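So you can see what is in the structure, the chains are spelled out below.
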Amino acid sequence: MTNPESTPSKNKTSQLPLYLAIRQQIRADIADGLYEKGLALPSEHMLAEQFNTTRLTVRKAIDKLVEEGIVLRVQGRGVFVGNDGLTAPPIMPRGFRKQSTDEKRIASVRVLEQRVRPAGPYYAQVFNLTPKDLVCCIRRLNSLDGIPQTIEQTVVPCNIFPGVEELDLTVFSLYEFFSMRGHAVVHTYETIDLTELSARQAQLLQAQVLEPALTLTCKSFDVAGTILEVATSVSIRDAAVLTVRV
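Calculation notes
- Residues numbered from 1 in each chain as written.
- Predicted model: local features only at pLDDT ≥ 70, side-chain atom pairs only at ≥ 80, totals over all residues.
- Heavy atoms only, no water.
- Buried < 20%, exposed > 50% of the residue type's maximum accessible area, 1.4 Å probe, protein only.
- Helix = DSSP H or I, 4+ residues; strand = E, 2+ residues; numbered from the N terminus.
- Pairing = 2+ DSSP bridges.
- Core = buried A, V, L, I, M, F, W, Y, C linked by side-chain atoms within 4.5 Å.
- Contact = heavy atoms within 4.5 Å.
- Salt bridge = Lys/Arg side-chain N within 4 Å of Asp/Glu carboxyl O.

A. Spatial organisation of the pairing of strand E4 (residues 134-144). Most of E4 sits inside the fold, with nine of its 11 residues counted as buried. Sheet topology places strand E3 (residues 107-118) next to E4; 11 bridges connect them, and they run antiparallel. Its bridge partner being in E4, Arg 110 is matched across the sheet by Leu 141. Sheet topology note: the E4/strand E5 (residues 147-157) ladder contains 10 bridges and is antiparallel. Bridged to Cys 136 within E5 is Val 156. Hairpin connection from E4 to E5: two residues lie between these consecutive antiparallel strands, with Asp 145 at a positive phi of about 50 degrees.

B. Region of the structure containing the nonpolar core. Counting 21 residues, the largest nonpolar core has Phe 161, Val 164, Leu 167, Leu 174, Phe 177 and Phe 178 as its most contacted members. Among the elements of the structure, E4, helix H6 (174-180) and strand E7 (212-221) are those that each provide at least two residues to this core. Residue contributions to this core peak at five residues, all from H6. If sequence neighbours within four positions are ignored, Leu 167 has contacts with Gly 38, Leu 39, Gln 114, Phe 172, Leu 174 and Phe 177.

C. Representation of the pattern of salt bridges within the structure. Under the counting rule described, the total for this entry stands at nine salt bridges. Between Lys 64 and Glu 67 there is a salt bridge, with the nearest N and O atoms lying 3.2 Å from each other. Of this pair, Lys 64 and Glu 67 both sit in helix H3 (residues 55-67), three residues apart, which is roughly one turn of that helix. By relative accessible area, which is 31% here, Lys 64 ends up partly exposed. A salt bridge links Arg 77 to Asp 168; the shortest N-O distance between them is 3.2 Å. With a gap of 91 residues between them, Arg 77 in the loop between strand E1 (71-74) and strand E2 (78-81) and Asp 168 in the loop between E5 and H6 connect regions that are remote in the sequence. For Arg 77, a relative accessible area of 48% gives the class partly exposed. The structure contains a network of salt bridges with shared partners spanning Glu 44, Arg 55 and Arg 59.

Following this line, the structure appears as C-alpha cells:
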C-alpha cells in the first residue's frame, strides 16, 4: 500500500513529504492568485481528493500556513486566505465592527442579501462602468450587543473585486477585504439625512413604522481616488448618533 505521506503531489513533482509538498503548492497557488485573498480555500475533503491523500495530511499541510498568517482557520466555516502580513494605513476610516470593538461593544452582522447584478445606469456612472457590467449588492442587518441598529446596503464593483459575492462577511469585513485586495479605504465622502422607517425596515430593526431614522450614504475611496463602494445605511438607537472628530 502506498504511504500517503510520501506520495508525490498530483500538481507538483517533489521529493518532499506529501504534507510539505501540499503546503508548498497551496502557498504557490495563493501567490499566483488561484486562491484569492479574503475567500475560502477548498474544503479539506476536496483538497484530500485533489492530492489523493487524507484529510489529516491536508490539515497538517495547512497548520503551518495558519501559523504564518497566510490563511485563517475559522471553526465551522473553513480556511480562508488571509492578509499575509499586509497592514492597513495607520489612519483610516473604521468599519462598523472595528468601531464597535474600539468602543467595547459586541457587534454582529446578519447578511440579508448578497448577489451579483448588472450595474444599471446609476452605478455605471458612479463606478465608471457600462450598465451591463456587474456589481455585487450586499444588504446587512448590523446589531450592537444583540440589538438591531442599522440596515445597510452596499454596492461594490465586481471588476475591482472579483469574487466579492463569495466573501463570508462573518469572517472578514468589507474594509478588511478591500485592504487585502490592495485597495485600503483611506477616505470617505458621506451625506446624511433624516427619514422615517418603512414597514420592512421597522420589522428588521424591531422598531415602529414611521419612527425617525438617520440615513447615511457613504462613498469609500482608496489612495488613488478609486471609488470602492457606495453604502447606504438606515440607523436608529445608538447607531443614529453622529460623532464628528476634528
